[in-house]
Structure formats: C-alpha cells, structure tokens
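# Fold and geometry: a report
Read off the chains here:
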Amino acid sequence: MKKKLSLFCLAIFGLLLTVPVYADVTCAGVTIDQKIPDVVHTIILLIQIVVPILLVIFGMMDLMKGVMAQKEDEIKKGQQTFIKRLIAAAIVFFVIAIVKMLISFVADDEDGSLTNCFNCFVNGTCKTE
C-alpha cells in the first residue's frame, strides 16, 4: 500500500512540474515565477480533496475490523482510532482557514500585499506583471 501511495504521489508531483510558465507574479514586493503558486495551489487543493476521502475509507476499515472480530474491545478500539483520525483530518482540512484568519489579524499592510500573496498561493488568484 505504501509503495502504491508513493508512486501515486510521485506521479502527481511529476505532473505538477509540467505546468507551463505564463508570467511572473509580484508577491509582497518579490517577483516569483507563476509556476510556484500554481504548484502550491494544486497541492493544497489535492489535500483538501484527498483527506476526506481517505478518512472515509480508513474509518470504514477500522470499524469493519472491529465488527468482524465481534469483540467489544475491538469495536471500541476501532471507534477510538476513527475519532483520532477524524480530529487529525479536521485539523489538516481547516489549517488553511485558520492561517488565513491569522494573517488577516496580523497583516498591517494597507495595500494588502501580504493578503494578496496568500491568496495567490492558496486560491490561485495571482496578479501577473
């Protein structure tokens, strides 16, 4: 399973590297290549899609193991594992929203360059030169 997941991640990473370069992006006064925010945006989008799917699959497997064993201890162990995975998945899924909220509190720039830079990397809405 780990080998297949590694090959899948490698294939996705390889596809991300083939994204064409369209223009340069100015982000908080620094000019960077458009490819970097595109790759980061795609990775974040994949994480937000894959994490809930994996949570459902692994949660079903945990609970099914307990039910198949027909032991109360195994069922409780499966439930506890599922709850831990649910909490971890929620943290991973909502980390972007939490970081965006923190940046909005911390950012003192009147022109919004830090917020625009964050939106460029996370939402894929970059202002090109």
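Structure: see above.
First, a word on what this report is: a plain description of the structure on this page. This one's a predicted model, so the numbers in the text were calculated from it and none came from an experiment.

## Section: the packing of helix α2 (residues 35–69) against helix α4 (residues 113–122)
Here α2 crosses α4 at 65°, and the two axes come no closer than 6 Å. Along the contact surface, α2 presents Ile-36, Pro-37, Val-40, His-41 and Ile-44, while α4 presents Cys-120, Phe-121 and Val-122. Residues that form the contact of α2 with α4 fall into these classes: seven nonpolar, one polar and no charged.

## A closer look at unusual backbone geometry
In this structure, Gln-70 takes a positive phi of about 55° despite not being glycine. Its place among the elements puts Gln-70 in the loop between α2 and α3 (72–106). In this structure Gln-70 comes out as exposed when scored by relative accessible area, which is 72%.

## Examining the environment of Lys-65
Locating Lys-65 in the fold gives a position in helix α2. Look at Lys-65 and you get exposed, because its relative accessible area is 55%. Counting along the chain gives 10 residues from Lys-65 to Ile-75, while the straight-line C-alpha distance between them is 7.7 Å.

Definitions and limits used
Residues numbered from 1 in each chain as written. Predicted model: local features only at pLDDT ≥ 70, side-chain atom pairs only at ≥ 80, totals over all residues. Heavy atoms only, no water. Axes fitted to C-alpha atoms, helices over the stretch in contact; angles between N-to-C directions. Helix = DSSP H or I, 4+ residues; strand = E, 2+ residues; numbered from the N terminus. Contact = heavy atoms within 4.5 Å. Nonpolar A, V, L, I, M, F, W, Y, C, P; charged D, E, K, R; others polar. Buried < 20%, exposed > 50% of the residue type's maximum accessible area, 1.4 Å probe, protein only.

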